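Observations on the model geometry
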Amino acid sequence: MTRSKTRSKKMKSISLLAVLPLICCAAPIMAQAPPAPALLADHYDISASLDPITQTLSAVAKVDFKAREVSGSVRVELHPNLNVTDVRSADGKALGFERDSQNPLNVIVNLPTPVAQNGKVTLTFTYAGPLANEENSPVPGVRAAAITRDGAFLLLPARWFPLTNFPSNRYTATFRLNVPDSFAVAGTGKAAAPTPTPGKNTVEGNRLVYTFQCDSPAPHGTFVAGNLQLNPKQAEGINVNVYAPREASGDAQKFADSVGRSTVAFSDMFGPLPRPEFTVAQLPDGTLRDFAAPGLLLLSKRIWDPRAADRTISRLVASQWWGNAVLPATRGDVWISDGLARYSEALYAEQNAGKEAGLKAVDEFAVGALMYEEAAPIAQAARLAPYSPDYRSVVMNKGAMIFHMVRAQMGDVAFKSLLHDFYVKYAEGSATIENFEALAQQHAQSSAKAGEPPPDLRGFFAQWLNSTGVPDFTIEYVIYRTHQGFRVVGKIKQPLDTFRMPVDLRIDTEGNPEVKTIDVVGTDSEFTVESFGRPKPGGIKIDPNNLILKGSSTLRARAAIARGEELAEQGRYYDAIGQYQRALSIQPNRPLANFRMGEAFFYQKNYQAAANAFRDALQTVPEAPEKWTEVWSHVYLGKIFDLLGQRARAVNEYSKAKQTNDDTGGAQQVAEQLLKKPYAEGGISAAAPSTGAPPGATAVQPQAVPTNERPILKKRTDPSSN
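Computed from a predicted structure; not experimentally measured.

Take a nonpolar patch on the surface next. Together, Val478, Tyr480 and Val489 give the surface a local cluster of nonpolar side chains, amounting to about 240 Å² of exposed area. Relative to the assigned elements, Val478 resides in strand β23 (residues 474–481). Under the relative-accessibility criterion, Val478 is labelled partly exposed at 41%.

With that settled, consider the sheet that holds strand β24 (residues 486–493). In a beta sheet, neighbouring strands pair by backbone hydrogen bonds and run either parallel or antiparallel. Spatially, β23-β24-β27 is the arrangement adopted by the 3 strands of the open sheet, whose pairing is antiparallel. The two strands at the open ends of the sheet, each matched to only one other strand, are β23 and β27 (524–531). In this sheet, adjacent strand axes meet at a mean angle of 15° when their direction is disregarded. Here 8 bridges tie β24 to β27, and the two strands are oriented antiparallel to one another. Following the sheet pairing, Gly490 is matched in β27 by Phe527.

On to the packing of aromatic side chains, then. Summed over the entire model, instances satisfying the criterion amount to 40 aromatic pairs. Ring plane angle 35° and centroid distance 4.2 Å describe the contact between Phe255 and Trp304, whose orientation is recorded as tilted. Of the two residues, Phe255 is situated in helix α2 (residues 252–270) and Trp304 in the loop between β20 (296–300) and α3 (310–318); the sequence distance between them amounts to 49 residues. The same class applies to Phe255 as to Trp304, namely buried. Ring geometry for Phe266 and Phe270: centres 5.3 Å apart, planes at 10°, overall stacked. Here Phe266 and its partner Phe270 are both found in helix α2, 4 residues apart, which amounts to about one turn of the helix. Taking relative accessible area as the criterion, Phe266 reaches 0% and is therefore assigned buried. If you follow Lys639 out to its NZ or CZ, it ends over the ring of Tyr679, 4.6 Å from the centre.

Attention now goes to helix α6 (residues 389–410). Between its first and last C-alpha, α6 extends 30 Å over 22 residues, near the 32 Å set by a 1.5 Å rise per residue. The largest bend along α6 reaches roughly 30° and is located at Gly399. In the segment just after α6, Gly411 is the residue with positive phi, at about 100°.

The next thing to look at is the side chain of Ser337. With respect to the helices and strands, the residue Ser337 is situated in the loop between β21 (326–328) and α4 (338–353). A polar atom in the side chain of Ser337 sits 3.0 Å from the backbone oxygen of Val334. With residues near it in sequence (within four places) discarded, Ser337 still touches Trp322, Gly323 and Pro328.

We now examine the sheet that holds β20. Spatial ordering of the open sheet is given by β16-β17-β18-β20-β19, a layout of 5 strands whose pairing is mixed. Of all the strands in the sheet, the pair left with one neighbour each is β16 (229–235) and β19 (290–293). Looking at each pair of strands side by side, their axes are set apart by 20° on average, direction ignored. Judged from the 4 bridges that link them, strand β17 (residues 238–244) and strand β18 (residues 278–283) form a sheet pairing that is parallel. Residue pairing for β18: Asn241 is matched across the bridge by Thr279. Together, β16, β17, β18 and β20 form the strand contacts of α2, whose direction differs from that of β16 by roughly 45°. Here α3 sits on the sheet and contacts β18, β19 and β20; the angle it forms with β20, its principal contact strand, is near 150°.

It is worth spelling out the side chain of Arg392 at this point. Mapped onto the fold, Arg392 is located in helix α6. Judged by its relative accessible area of 3%, Arg392 falls in the buried class. Here the side chain of Arg392 touches Glu566 through a polar contact of 2.2 Å, side chain to side chain.

Cut-offs and rules
Per-chain numbering applies: the sequence of each chain, read as written, is numbered from 1 onward. A pLDDT threshold of at least 70 governs which residues receive local features in this predicted model, and a stricter bar of 80 or more applies before side-chain atom pairs are shown or counted, although totals over entire chains, interfaces and linings include all residues. As a convention, hydrogens and water are excluded, and side-chain values are obtained from all of the structure's heavy atoms. Residues with no salt bridge and a relative accessible area higher than 30% make up the patches, which join like charges within 9 Å and nonpolar side chains (Val, Leu, Ile, Met, Phe, Trp, Tyr) within 5 Å. Methods summary: accessible areas were calculated by the Shrake-Rupley approach with a probe of 1.4 Å, and residue burial reflects only the protein chains presented. A pairing counts as a salt bridge when a side-chain nitrogen of Lys or Arg comes within 4 Å of a carboxyl oxygen of Asp or Glu. Working definition: helices are DSSP H or I runs of at least four residues, strands are E runs of at least two. Numbering for both runs from the N terminus. Note on classification: 1.4 Å probe, protein chains only; a residue is buried when its accessible area is under 20% of the maximum for its type, exposed when over 50%, partly exposed between these limits. Any two strands with at least two DSSP bridges between them are considered paired. For helices, the fitted axis covers only the stretch in contact; all axes are lines through C-alpha atoms, and the angles between them, taken along N-to-C directions, range from 0 to 180 degrees. Between rings of Phe, Tyr and Trp, where Trp is taken as its six-membered ring, a pair exists when centres lie within 6.5 Å; planes separated by under 30 degrees are stacked, by over 60 edge-to-face, and by other angles tilted. Either the NZ atom of lysine or the CZ atom of arginine qualifies as a charge over a ring when it sits within 6 Å of the ring centre and within 35 degrees of the ring normal. One less than the number of residues in a helix, times 1.5 Å, gives the span that helix is expected to have. Fitting axes to the seven residues that end at a residue and to the seven that start at it, the angle between those axes gives the bend at that residue. Whenever two N or O atoms come within 3.5 Å, that pair is a polar contact, provided that in protein one can donate a hydrogen and the other can accept it, and provided that, for residues adjacent in sequence, both atoms are side-chain atoms. Here, residues are in contact when the closest pair of their heavy atoms is within 4.5 Å.

Below is the structure:
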């Protein structure tokens with residue numbers, strides 16, 4: 001008996017030792033994605049007052065909770081800057097509460113008696129505090145809520161009212177926002193006419209109370225306030241209210257048209273929304289580039305251009321399906337919302353402007369995916385800070401590429417049928433990654449052609465969603481002459497041992513091209529292809545239609561440049577230069593990398609290094625998309641010589657800029673102005689265009705202003721603007 005007990009204790013010790021590593025490995029993920037709280041908010045009645053003078057918010061929030069399980073406490077998330085002064089029960093009794101010492105975002109309220117499963121409890125929170133900058137923001141490094149003398153914005157991720165299970169919870173609500181009478185307010189829900197109310201004192205002045213009724217359960221609670229003018233419009237039979245300052249309201253109808261086009265396109269693809277009504281509002285700079293909430297599309301001032309922002313608008317509209325109608329079940333499931341909304345940009349571009357436009361979007365996704373692909377697997381998205389560069393790279397861009405690859409495996413008809421059925425099944429609810437996987441496998445099996453096996457989506461999802469790493473394909477081959485023509489025998493190589501996917505191989509010949517699908521398994525996969533025509537030199541291409549997310553010297557160099565551009569826009573020029581040098585080590589003499597490095601050196605006032613980089617950029621003939629680096633290299637060289645007091649050399653460079661006849665980013669006008677008047681710091685703005693829309697469309701870009709359909713990159717002059 002004693003021996004048996006001893007053996008039992010030893011077995012328990014061994015079991016615990018075996019389990020401990022698993023617990024340790026899981027701990028970081030669990031810390032980022034805690035289980036849903038026992039009580040979830042079901043309805044809100046919120047009265048909030050915004051004070052632009054003190055930049056503070058004061059509010060009373062009456063919240064109805066419903067219990068998922070028995071609990072004696074309520075846990076809510078509330079911006080750490082907002083100090084709770086009182087919590088009361090439905091009968092008016094004061095309740096004890098505290099901030100979580102481990103996570104100051106959480107406020108825990110102790111209930112007098114436990115609430116039974118499916119039971120309800122109502123609490124009233126009184127709280128106030130400053131919302132002036134990104135200090136203590138629940139979204140690291142992002143000003144998700146701010147109140148200023150000129151206006152305010154309250155984005156839901158700021159947790160400016162007590163939230164439960166963000167971003168997955170749904171609720172109904174009534175919001176009453178008390179603001180200065182010079183402000184107009186746009187936001188989620190149905191807005192009533194504002195009600196005048198007196199201010200507390202003469203300094204505060206007269207006030208208005210805006211009431212928003214949110215009767216359908218959804219993640220409501222995003223608002224923007226300020227000197228906004230309402231421009232009610234219609235497009236494609238859809239009501240679109242456009243809120244913008246008077247001077248920016250001239251394009252209101254074009255914004256409505258863009259929303260209408262996207263809504264019609266996605267309604268045809270996914271199924272109609274129950275309430276297709278939209279508000280488009282201008283968001284002040286200094287926060288996210290754009291944001292979507294139920295029925296609400298926000299575009300920052302710096303991208304307030306309906307033509308340049310058309311694709312961004314399409315993603316915000318797609319978020320009404322993926323992110324509002326269908327919510328991610330947990331923070332680890334955001335691929336099915338943010339990744340799919342991002343890929344919807346490509347679907348829209350393809351339908352609206354043709355296949356090439358869709359492929360251009362996919363190309364941008366691939367570059368964005370490679371920027372920080374190694375940060376985490378998509379299925380572990382809860383480890384990533386939302387809206388961070390890592391998040392945009394992994395969840396949005398790599399996520400979009402995975403949807404693109406699923407489409408290639410299934411075929412267009414089956415894929416679009418999958419999206420339609422996924423929306424119909426989970427609309428007004430939430431879904432997990434596993435829900436999407438299961439439905440995708442069903443569609444793949446039912447759509448497989450007779451006699452052909454369906455694609456192995458189970459292995460595909462396990463590979464792409466749960467792991468990091470992308471293949472870098474290389475090829476070795478020998479060409480033999482045969483009686484019938486030619487035989488190509490070779491190997492496809494790539495570094496990922498666990499990789500398996502069908503990969504197209506195209507052989508361009510003197511006759512018709514030969515295309516064969518190779519099942520690439522592991523690091524080496526042999527192939528044999530027969531062709532009638534003689535293969536052309538260098539005419540063998542792996543994945544010629546770019547259906548797979550893969551690495552290449554060109555893509556990795558572009559990803560490094562994109563990382564550098566993002567760092568430069570934050571004023572981190574030293575780190576940006578490191579990324580440009582990395583790009584040049586991958587792809588030597590790349591004009592764009594040299595140009596961007598020169599630009600970073602210029603803003604560091606290292607004029608000799610800047611001039612060297614611009615000269616290097618001019619030594620190589622750029623590809624067509626980067627041809628603009630030539631004119632802007634001459635402009636920057638001219639600026640350097642002006643700053644050094646060498647006017648004749650500066651004029652020579654501006655003249656060369658004029659001779660290119662390239663007007664990208666308004667270069668010709670800038671060169672003409674600089675020929676007339678020497679450049680001086682703080683004088684004529686001569687910032688060069690970027691490579692296009694940022695790979696992560698929600699990047700914080702304090703001073704990026706669209707010009708000739710390209711956002712421009714300027715020196716960051718105001719550190720607080722980020």
